[in-house]
Amino acid sequence: MDRRHELYCQREEISAEPFPGQCLRTFLRGLGFFGVKKGCDQGDCGACTVHIDGKPSICLTPAFRAAGTRSLPSRGWCATASCTPVQQAFLDAQAFQCGFCAAGMIMTAATFDAQAREDLPRLLKGNLCRCTGYHSIDDALHGVVNARRT
Ligand code: FES
Ligand code: FES
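Let me sum up the structure you'll find in this document. (Residues numbered from 1 in each chain as written. Chains lettered and ligands numbered in written order. Predicted model: local features only at pLDDT ≥ 70, side-chain atom pairs only at ≥ 80, totals over all residues. Heavy atoms only, no water.)

### Some words on the nonpolar core
Cut-off, in case you're wondering: Take the buried residues of types Ala, Val, Leu, Ile, Met, Phe, Trp, Tyr and Cys, join any two whose side-chain atoms come within 4.5 Å, and each joined set is a nonpolar core. The classification of residues rests on relative accessible area computed with a 1.4 Å probe and restricted to protein chains. Under 20% of the type maximum is buried, over 50% is exposed, and intermediate values are partly exposed. Numbered from the N terminus, helices here are DSSP runs of H or I no shorter than four residues, and strands are runs of E no shorter than two. Whether two residues touch is decided by their heavy atoms; if any such pair falls within 4.5 Å, the residues are in contact.
Formed by 17 residues in total, the largest nonpolar core has its most connected members in Phe90, Met105, Leu124, Ile137 and Leu141. At the level of secondary structure, the elements contributing two or more residues to this core comprise α2 (85-93), α3 (102-109) and α5 (134-140). At four residues, the largest contribution of residues to this core is made by α2. When near neighbours in sequence (up to four residues on either side) are disregarded, Met105 contacts Phe90, Leu124, Asn127, Leu128, Cys129, Tyr134 and Ile137. Counting 11 residues, the second-largest nonpolar core is a separate cluster that includes Ile14, Leu24, Leu28 and Val36.

Dropping the structure here:
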């Protein structure tokens, strides 16, 4: 049986075979997408969040389930000129302390519309901030600027 795994990842078509039982995070990192964060490794923290066909998904997702999908790993932090709007909002609000949660928070938050932003405690429940920096994350998602631009 051909178990090669084809998916579109950051606009590239990837064709590779995951190991039996391999999770999507390990599979993507093995392909060089190091923006996929390795956090708790247990499905608890959400730091590893990627998008599968536009929906947030975490590390324990079996790699084979993403076959044929459009998967988008986090790019992590960015040069200001190429930030996505959500990344820029996190920078403007200084919505991170240690940064452990930031990539996953940004990936999850990038799927929110204005209505979802009013329900953050529920919709961000899969993303844990161990520094408890939720106030500034809420600021970021409501357009509050806590940092002065230079
Ligand atoms: Fe995936 Fe924590 S590393 S949920
Ligand atoms: Fe440290 Fe969120 S900023 S875990």
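### Remarks on the packing of aromatic side chains
Counted only if it meets this: Ring pairs are drawn from Phe, Tyr and Trp, using the six-membered ring of Trp, whenever the two centres fall within 6.5 Å, and their geometry is named by plane angle: stacked under 30 degrees, edge-to-face over 60, tilted for the rest. Two thresholds decide whether a charge sits over a ring: the Lys NZ or Arg CZ must be within 6 Å of the ring centre and within 35 degrees of the ring normal.
Inspection of the entire model under this criterion finds zero aromatic pairs. For the cation-ring pair, Arg130 lies above Phe100, with the distance from its terminal atom to the ring centre recorded as 4.0 Å.

### Observations regarding the layout of surface pockets
This is how it is decided: A cavity here means a set of 1 Å grid points, computed over protein atoms only, where a 1.4 Å probe fits but cannot escape. A pocket is an open set with protein on both sides within 12 Å along at least 5 of 7 lines, and lining residues have an atom within 4 Å of a point. Grid points are joined across faces, edges and corners, and a volume is the space filled by probe spheres set on the points. Each residue gets one label: Ala, Val, Leu, Ile, Met, Phe, Trp, Tyr, Cys and Pro are nonpolar, Asp, Glu, Lys and Arg are charged, and the others, such as Gly, are polar.
In this structure, the second largest pocket encloses a volume near 220 Å³. Lining of the second largest pocket is provided by 13 residues; of these, Pro56, Thr108, Leu123, Gly126 and Asn127 occupy positions nearest its centre. Those elements giving two or more residues to the lining of the second largest pocket turn out to be β4 (55-57) and α4 (120-123). Class assignment for the residues of the lining of the second largest pocket results in four nonpolar, seven polar and two charged.

### Let's talk about α3
Summarising burial for α3: eight of the eight residues are buried, a large majority. Residues Ala102, Ala103, Gly104, Met105, Ile106, Met107, Thr108 and Ala109 constitute the buried set of α3. In this fold, the buried residues of α3 make contact with β3 (50-52), β4, β5 (70-72), α2, α4 and α5.

### Re unusual backbone geometry
Here the phi dihedral of Asp53 falls at roughly 50 degrees; this positive angle occurs in a residue that is not glycine. The backbone of Thr132 sits at a positive phi, close to 50 degrees, despite the residue not being glycine. On the secondary structure map, Thr132 appears in the loop between α4 and α5.

Read these as spatial facts, not as claims about activity.
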